[in-house]
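So the chains spell out like this:
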Amino acid sequence: MKNQSVKNNIDWISVIIYIFLVSLGWLNIYSSSLSSTDGTYEKQLIFIVLTIPLIFIVLFVDGKFYEKYASIIYSISLLSLLGLFAFGKTIAGQRCWYAIGSFTLQPSEFAKAATALALAKYLSDSQINLKDVNRQIQALAIVFLPVLLILPQPDPGSALIYSIFIIVLFREGLPSWYVWTGFIAVLLFVLTLVLEPEYVILIALLVIVAVYFKSRLVDRNILASGIIFTLITGFILSVDYVFDNIFKQHHRDRFNILLGKTVDLKGVGYNTNQSEIAIGSGGWMGKGFLEGTQTKGGFVPEQHTDYIFTTVGEEWGFLGSFVVIALFVGLFLRVIYLAERQKTKFSRVYGYCVAGILFTHFFVNIAMVIGVFPTIGVPLPFFSYGGSGLWGFTILLFIFLKMDANKVNEW
């Protein structure tokens, strides 16, 4: 009876979009890896087939299970990330995987769903008020504990995804100054890399003075303005040190190329340059399936993983790229729509986490491929090669679809 309820109440629009995205993803992996001898597209097909029983397991489990055991799932996830430091396998300089024979598993891909569950569980407590500083610290700790374990692997791409949880917290009552502080910090960081620090400090001073005099007389506080200016100045002066001593050389190179301070089309900038050539060569209608010269020539490194969208752009053109983007946007909007109609705060918050995680992956990956964001290794959901990524995104989405199907039993 329960399974019949899921079948009748599951959101089939989301399921159909998911099937289209996974299918199109495999077709592009097939095209980009057809000339390779490592069986990439065969392996991905096996991963896809294995998602079928995985989906049935996720949907078979009672929806309340995910809420009741959210803290335990989150704790297991943290332990799996911690265990990498002792038992993880290093691939391309990153200690992000567990190796079981020839099979590897990346726990950070599953930690996103676990963190979303834990955050939804915490925020669904009737006593939670994010205006309380202690509650803010606790909520932020849930978000940043996985980040602290992921960054040293090092895996800045996966760590970046967790920033979207701040927007979810903001929607649930986190003061807006958290969001503005993060935005201003990023803006000042980039400006300081482009301009001399003294010019950025001058710009900050002029903005603070303008805001001070534009404020109502009763709201003016010269001491607070002075403290803010001092903190901003300290931050600006620390940017060069952080950039030169904390960022790794390849991170510095990628930022310099992105900001136009360095031209390196044969070195660090090779991937981005080749991806732009591949996408641009596709024109309006594309060169046709299996007809991409850049793809077939192997000019774009890692094309079946982080740069899979270049195959879409070259072989399917603007029209095909538009269809893929429209499918993604349709899925995001559908999940947000479903989240808004949930009867419990837990499932609503989790739904927004799902939409946020998928959107951030999509946005950063596309921006990276077209050269408006540094290359940091963020896969495109349901498209990029890899079992861990595919299964992680599938679990993330179908847990929510199970919650949505179960809402008919909620009061």
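Below, the structure is looked at part by part. Predicted model, so just to flag it, every value in this text is computed and none were measured. (Residues numbered from 1 in each chain as written. Predicted model: local features only at pLDDT ≥ 70, side-chain atom pairs only at ≥ 80, totals over all residues. Heavy atoms only, no water.)

Turning our attention to the overall build of the protein chain. Per the secondary structure count, the protein chain includes 18 helices and three strands. Against the compact-globule benchmark of 22 Å for 411 residues, the protein chain has a radius of gyration of 23 Å, which places it among compact chains. By its C-alpha atoms, the protein chain is 65 × 60 × 45 Å across when sized along the principal axes. Within the protein chain, buried positions represent 47% of all 411 residues. Across the protein chain, contacts joining residues at least 24 apart in sequence account for 71% of those joining residues at least 6 apart. Here the protein chain displays about 20,400 Å² of accessible surface, and carbon together with sulfur accounts for 69% of that area. When the 29 positive and 26 negative side-chain charges of the protein chain are each reduced to one mean point, those points stand 8 Å apart. (Helix = DSSP H or I, 4+ residues; strand = E, 2+ residues; numbered from the N terminus. Rg over C-alpha atoms; globule rule 2.2 N^0.38 Å. Buried < 20%, exposed > 50% of the residue type's maximum accessible area, 1.4 Å probe, protein only. Contact = heavy atoms within 4.5 Å. Areas by Shrake-Rupley, 256 points an atom, 1.4 Å probe, with all protein chains shown as cover. Lys, Arg positive; Asp, Glu negative; His and termini not counted. Charge placed at Lys NZ, Arg CZ, Asp CG, Glu CD.)

The next thing to look at is the environment of Ile-76. Within the secondary structure, Ile-76 is located in helix H5 (residues 70–87). Ile-76 sits 38 residues away from Ala-114 along the chain, and the two C-alpha atoms are 8.7 Å apart.

Turning next to helix H3 (residues 40–60). With 21 residues, H3 should cover 30 Å at 1.5 Å per step; its first-to-last C-alpha distance of 31 Å lies within 8% of that length. In H3, a bend of some 25 degrees at Ile-52 exceeds every other bend along the element, and Pro-53, a proline, comes one to four places later. Of the residues making up H3, those classed as buried are Thr-40, Tyr-41, Gln-44, Phe-47, Ile-48, Thr-51, Leu-54, Ile-55, Val-58 and Leu-59. (Expected span 1.5 Å × (residues − 1). Bend = angle between axes of the 7 residues up to and from the residue.)

Bringing the sheet that holds strand E2 (residues 94–100) into the picture now. The antiparallel open sheet is built from three strands, whose spatial order is E1-E2-E3. Each edge of the open sheet is held by one strand with a lone partner, namely strand E1 (89–91) and strand E3 (103–105). Put simply, the sheet's adjacent strands are angled 55 degrees from each other on average, direction ignored. Taken together, the three bridges between E2 and E3 define a ladder with antiparallel strand orientation. Counted as the bridge partner of Ala-99 is Thr-104 from E3. (Pairing = 2+ DSSP bridges. Axes fitted to C-alpha atoms, helices over the stretch in contact; angles between N-to-C directions.)

The next thing to look at is a nonpolar patch on the surface. Together, Val-194, Leu-195, Tyr-199, Ile-203, Val-207 and Val-211 give the surface a local cluster of nonpolar side chains, amounting to about 520 Å² of exposed area. Per-element accounting of the nonpolar patch gives the leading share, four residues, to helix H11 (residues 197–214). Relative to the assigned elements, Val-207 resides in helix H11. Relative accessible area serves as the criterion here: at 47%, Val-207 is assigned to the partly exposed category. (Patch = residues over 30% accessible without salt bridge, like charges linked within 9 Å, V, L, I, M, F, W, Y side chains within 5 Å. Salt bridge = Lys/Arg side-chain N within 4 Å of Asp/Glu carboxyl O.)

Two numbers describe how H5 lies on helix H7 (residues 133–150): the axes approach to 9 Å, and their chain directions differ by 20 degrees. Taken together, the axis directions place H5 and H7 in an arrangement best described as roughly parallel. For the pair H5 and H7, the sense of crossing is left-handed. Facing H5, whose interface residues are Tyr-74, Leu-78, Leu-81, Leu-82 and Phe-85, H7 presents Ala-141, Ile-142, Leu-145, Pro-146, Leu-149 and Ile-150. For the contact of H5 with H7, the class distribution of residues is 11 nonpolar, no polar and no charged. (Parallel < 35°, antiparallel > 145°, perpendicular 65-115°, else oblique. Left-handed = near helix turned anticlockwise from the far one by under 90°. Nonpolar A, V, L, I, M, F, W, Y, C, P; charged D, E, K, R; others polar.)

Within the structure shown, the criterion is met by 23 aromatic pairs. Ring centres of Trp-284 and Phe-318 lie 4.9 Å apart, and the angle between their planes is 70 degrees; this geometry places the pair in the edge-to-face category. Of this pair, Trp-284 sits in the loop between helix H14 (270–281) and helix H15 (293–296) while Phe-318 sits in helix H16 (residues 309–340), and the two are 34 residues apart along the sequence. Of the residues examined, Phe-318 reaches a relative accessible area of 47% and is grouped as partly exposed. Centre to centre, the rings of Phe-328 and Phe-383 are 5.9 Å apart; their planes meet at 45 degrees, and the pair counts as tilted. In this pair, Phe-328 is assigned in helix H16 and Phe-383 in the loop between helix H17 (345–369) and helix H18 (387–406), connecting sequence segments 55 residues apart. Summarising the burial analysis for this pair, Phe-328 and Phe-383 share the class buried. By the ring-pair criterion, three or more aromatic residues cluster together here, those being Phe-328, Phe-332, Phe-359, Phe-362, Phe-363 and Phe-383. (Phe/Tyr/Trp six-rings, centres within 6.5 Å; stacked < 30°, edge-to-face > 60°.)

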